[in-house]
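# What the coordinates show
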Amino acid sequence: MPGGCSRGAAAGDGRLRLARLALVLLGWVSSSPFTSSAPSTSSASFLASAVSAQPPLPGQCPQLCECSEAARTVKCVNRNLTEVPADLPHYVRNLFLTGNQLAVLPAGAFARRPPLAELATLNLSGSRLQDVRAGAFEHLPSLRQLDLSHNPLAQLSPFAFSGGNASLSAPSPLAELLLNHVVPPDDNRRNRSFEGMVAAALRAGHALRGLQRLELASNRFLYLPRDVLVDLPGLRHLDLRNNSLVSLTYVSFRNLTHLESLHLEDNALKVLHNSTLAELQSLPHVTVFLDNNPWVCDCHMVDMVAWLKETEIVQGKSRLACAFPEKMWNRALLELNVSHLECDPILPPSLQTSYVFLGIVLALIGAIFLLVLYLNRKGIKKWMHNIRDACRDHMEGYHYRYEINADPRLTNLSSNSDV
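### Here we look at helix H5 (residues 302-310)
By the burial criterion, the buried members of H5 are Met304, Val305, Trp307 and Leu308. One side of H5 carries all its buried residues, which in axial view fall inside an arc of 160°. On the buried face of H5, the contacting elements are helix H4 (274-282), strand E14 (295-296) and strand E15 (314-315).

### Some details on the nonpolar core
For soluble globular proteins, the rule of thumb is that nonpolar side chains tend to be buried together. Phe110, Leu124, Phe137 and Phe161 are the most contacted members of the largest nonpolar core, which has 84 residues in total. Elements represented by at least two residues in this core include exactly helix H3 (194-203), H4 and H5. In terms of residue count, the dominant contributor to this core is H3 (six residues). Look past the residues within four positions of Phe110 in its chain and what remains in contact with it is Val84, Leu95, Leu97, Leu105, Leu116, Leu122, Leu124, Ala136, Phe137, His139 and Leu140.

### Quick word on the side chain of His263
Tracing the chain through its elements places His263 in strand E12 (residues 261-263). There is a polar contact of 3.1 Å between the side chain of His263 and the side chain of Arg241.

### Looking at empty space enclosed by the protein
In total, this model carries two cavities of 30 Å³ or more according to the counting rule given. As a volume, the second largest cavity reaches approximately 30 Å³. Forming the walls of the second largest cavity are Glu195, Val198, Ala199, Leu216, Phe221, Leu224, Pro225 and Val228. Residues belonging to the lining of the second largest cavity are distributed by class as follows: seven nonpolar, no polar and one charged.

### Side note on the sheet that holds strand E8 (residues 155-156)
Strand order in this open sheet of three strands is E4-E6-E8, and the pairing throughout is parallel. Because the sheet does not close on itself, it has two edges, and the strands there are strand E4 (104-105) and E8. Where strand E6 (residues 131-132) lies against E8, two bridges are found, and the strand directions are parallel. Within the sheet, the bridge partner assigned to Val132 lies in E8 and is Leu156.

### Some details on the confidence of the model for the protein
Counting all residues, the mean pLDDT for the protein is 82, and 76% of those residues have values of 70 or more. Ignoring residues within four places in sequence, the model shows residues 1-12, a span with pLDDT below 50, making zero contacts including any to other chains. Counting contacts from residues 23-58, a segment whose pLDDT is below 50, to residues more than four positions away or on other chains yields five contacts.

Reading guide: rules and limits
Residues numbered from 1 in each chain as written. Predicted model: local features only at pLDDT ≥ 70, side-chain atom pairs only at ≥ 80, totals over all residues. Heavy atoms only, no water. Buried < 20%, exposed > 50% of the residue type's maximum accessible area, 1.4 Å probe, protein only. Helix = DSSP H or I, 4+ residues; strand = E, 2+ residues; numbered from the N terminus. Arc of directions from axis to C-beta. Contact = heavy atoms within 4.5 Å. Core = buried A, V, L, I, M, F, W, Y, C linked by side-chain atoms within 4.5 Å. Polar contact = N/O pair within 3.5 Å; in protein donor to acceptor, adjacent residues only side chain to side chain. 1 Å grid on protein atoms, 1.4 Å probe; cavity = no way out; pocket = protein on both sides within 12 Å on 5 of 7 lines; lining within 4 Å. Points joined across faces, edges and corners; volume = space filled by probe spheres on them. Nonpolar A, V, L, I, M, F, W, Y, C, P; charged D, E, K, R; others polar. Pairing = 2+ DSSP bridges. pLDDT = per-residue confidence, 0-100.

Shown next as structure tokens:
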């Protein structure tokens, strides 16, 4: 044991002497008069240029962005970016690209080497996106939440979430898709149905079968396409508030057996018909929100009122009130009786239309007739005078003959004159 300790101490002293010798030699080289300063300067500049010419390291933060490796987060917010940064760090799990000028999101916009395998949350809200093309979100195997809200989407490819070839692409890993307030201005709609465009992207290739949350608020939807929810069987939360939905007759909720919340507030719903009521009641876990709709309390509301009194799935149903007719304004739906729900006897809409059209035609004919009379007023006046004179002469002849037949003397005189 003592011999081992002495050998360890000797080895340590040897390393210390070698370190001191190296420092002395370095100092002598730097202070040597035979070495000019120019080569050292050029070497330093060469090293600096070589370092700057190297591609950014995978873990490096992009310019104009803020990165936190500990939080796995990259924020490029309000930087007027026109494209997705190419040098995103591989560790990013939460990426915020809000408030930029992206305009177009091409295919493979997030394709990188190595891939962004851990990216789970992507926020592109308020970045003036107008065109999202097929395969824009490919090569993001862990993407769970995507926010495209507050972008004027004039073009949303049917394969935006499923890849360029829906038949060959793997299902999207998305669990939450936020498309709030993505309706484009009227002059950018390109004469196509915005509702149909969104529905095509939701059902293309069955890519979103694992989607659990879908938000479509504030998009001025007038209707929901019949099959918009067919390929979303795992949906748990559906937000349709603040649209212009008039009816839910043509949309089916039957396959949404996992649906937990359905937000229909601030729409233009007048009544829910029996088919819709039956589908909602068949969902085992759903809670429905119906506030701030202009309910029309007439005879068509009878079934809905009876359903509201029995069901427990409508949140805040005591707040629902009539908006029309005027005599029923602000009456709570739960307080209505069948005797309160009356319909005025009115003609069927088709018959009303026929009578309106007939009235317009008759009015047009009358106006043309009056115009013709006015333009020919002088000729008509002369014609009327001629008829009056002819009638007067005719009546005078009848009157003369009547006088002759009434006086026997004039009768005999007339007979003798004839002989």
